[in-house]
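What follows is each chain in one-letter form.
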Amino acid sequence: MRKLSGMLAAASIAVLAVAGTMLAVGPASAESNGGVRVMPLGDSITDGFNVPGGYRVDLWQKFVAGGYRIDFVGSQFNGPAGLGDHDHQGHSGWTIAQIDANAASWLRATTPRTVLLHIGTNDMFSASAGAPQRLSTLLDTITTTAPDAEVFVSTIIPLSGADSQVRTYNAAIPGIVRSKVNAGRRVHLVDMYPALTLADLADGVHPNAGGYSKMATVWYDALRSVPRSITEDTPPTSTPPTSTPPTSTPPSGGCSAAYRVVNGWSGGFQAEVTVRNDATAALNGWTVRMTLGGGQSITNLWNGVNTGSSGAISVRNAAYNGSVPVSGTTTFGYVANGNSAAVPGAVSCSSP
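Residues numbered from 1 in each chain as written. Predicted model: local features only at pLDDT ≥ 70, side-chain atom pairs only at ≥ 80, totals over all residues. Heavy atoms only, no water.

Visitor: Even after reading the chapter, I still don't get the confidence of the model for the chain, so can you show me in this structure?
Guide: Do not read the fine detail of predicted coordinates wherever pLDDT is low. Summing up the model confidence of the chain, the mean pLDDT is 85 and the portion of residues at 70 or higher is 86%. When the elements of the chain are averaged for pLDDT, helix α2 (residues 13-16) gives the smallest value, 32, and strand β5 (residues 114-118) the largest, 98. Below pLDDT 50 for its whole length, residues 1-29 participates in 55 contacts with residues either more than four positions away or in separate chains. For the stretch residues 234-243, pLDDT sits under 50, and the model shows 22 contacts to residues farther than four places along the chain or on other chains. (pLDDT = per-residue confidence, 0-100. Helix = DSSP H or I, 4+ residues; strand = E, 2+ residues; numbered from the N terminus. Contact = heavy atoms within 4.5 Å.)

Structure representation (structure tokens):
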């Protein structure tokens with residue numbers, strides 16, 4: 001842990017020398033192509049430490065292949081020639097609080113339609129206990145400064161020597177995101193943690209090229225689930241995403257499950273299932289079973305492990321959210337193809 005902390009500090013010493021100061025910001029983008037403005041925001045993993053451009057390289061290629069016209073924005077600039085737009089807002093060695101101190105200025109300078117936020121890794125070494133509250137404060141800063149922006153907040157990737165801290169922090173993020181959504185904010189959860197393993201890290205902290213490529217895939221799938229975030233012909237609006245009331249199921253095996261549609265679009269939708277502990281003791285693991293509607297198929301699922309992606313499926317808890325206190329809740333979510341109006345049948349929850 002101490003060795004990793006020192007390594008991380010050494011890797012970012014030049015940036016930390018000016019930590020907490022306001023950066024000068026320039027025009028909206030040095031490489032503006034008039035496309036949808038997307039701000040990659042975070043620390044060295046956004047910057048692309050050890051692999052210049054990081055996840056932004058493969059994400060850009062996916063945009064090009066998908067026919068999307070995107071304008072990366074930010075006051076920073078790096079990456080290879082294969083990255084068509086080098087602008088970003090990643091700062092090596094920075095913590096959540098340092099990003100928060102500058103976020104409003106960056107957002108006003110670039111007015112992004114979409115923000116990709118992966119932040120918290122550096123907090124895990126020094127002050128992990130308060131990281132969730134600092135993230136919540138940062139999201140308030142972003143959504144207040146740019147209320148029409150679609151904000152995708154990611155769980156952070158694995159970290160050698162600090163996995164317990166990472167899991168605890170990541171477990172708090174879904175609840176933070178849910179509170180912002182309930183307040184009418186355009187905030188979306190992206191579960192990045194399970195997409196990478198320690199084998200995808202070059203130095204125990206930063207991804208290797210394969211790890212960054214995996215991150216790009218997760219970002220791309222999440223962005224496509226909210227068409228407005230990367231589609232030029234969808235006008236901005238302050239109206240929050242539509243949501244259907246939750247459909248609850250009776251307790252079975254000590255827990256119950258409530259399903260709701262968070263957002264829908266032509267050919268797909270995002271849904272959330274809330275697991276509630278109705279027993280008299282804490283749950284030690286849970287499994288939700290349900291039958292998806294005809295034509296529905298899951299393309300991305302977070303905060304759980306699914307068996308099957310269409311028809312009759314089951315979703316068991318992830319490693320970090322299996323313990324649920326009495327009367328407590330946890331959630332998992334997913335993006336699926338198909339008609340959102342078809343509510344899953346035979347929804348049930350059980351616990352060992």
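That covers the picture; the talk isn't over yet.
Visitor: When you look at the packing of helix α5 (residues 96-110) against helix α6 (residues 131-145) in this model, what are you seeing that I'm missing?
Guide: Two quantities define a packed helix pair, namely the angle between the axes and the distance from one axis to the other. For the pair α5 and α6, the least separation of the axes is 9 Å and the interaxial angle reads 5°. Taken together, the axes of α5 and α6 are roughly parallel relative to one another. Side by side, α5 and α6 meet where Ile96, Ala97, Ile99, Asp100, Ala103, Ala104, Leu107 and Arg108 of the first sit next to Ala131, Arg134, Leu135, Thr137, Leu138, Thr141, Ile142 and Thr145 of the second. (Axes fitted to C-alpha atoms, helices over the stretch in contact; angles between N-to-C directions. Parallel < 35°, antiparallel > 145°, perpendicular 65-115°, else oblique.)

Visitor: How do you make sense of empty space enclosed by the protein when you look at a structure like this?
Guide: Remark: the empty space left among the atoms is shown by a probe the size of a water molecule rolled over them. Enumeration according to the criterion identifies two cavities of 30 Å³ or more in this entry. Looking at the largest cavity, it is lined by 21 residues, and the ones nearest its centre are Val177, Val181, Val262, Gln270 and Glu272. A per-element tally of the lining of the largest cavity places helix α7 (residues 163-182) first, with four residues. Residue classes in the lining of the largest cavity are distributed as 10 nonpolar, six polar and five charged. Counted as a void, the second largest cavity has a volume near 50 Å³. If you trace the second largest cavity, you find it lined by Phe152, His188, Leu189, Val190, Asp191, Ala222, Ser225, Gln270, Asn300, Trp302 and Val335. When contributions to the lining of the second largest cavity are tallied by element, the ones reaching two or more residues are β7 (187-190) and β13 (297-302). In terms of residues, the lining of the second largest cavity owes the most to one element, β7, which gives three residues. When its residues are assigned to classes, the lining of the second largest cavity shows six nonpolar, four polar and one charged. (1 Å grid on protein atoms, 1.4 Å probe; cavity = no way out; pocket = protein on both sides within 12 Å on 5 of 7 lines; lining within 4 Å. Points joined across faces, edges and corners; volume = space filled by probe spheres on them. Nonpolar A, V, L, I, M, F, W, Y, C, P; charged D, E, K, R; others polar.)

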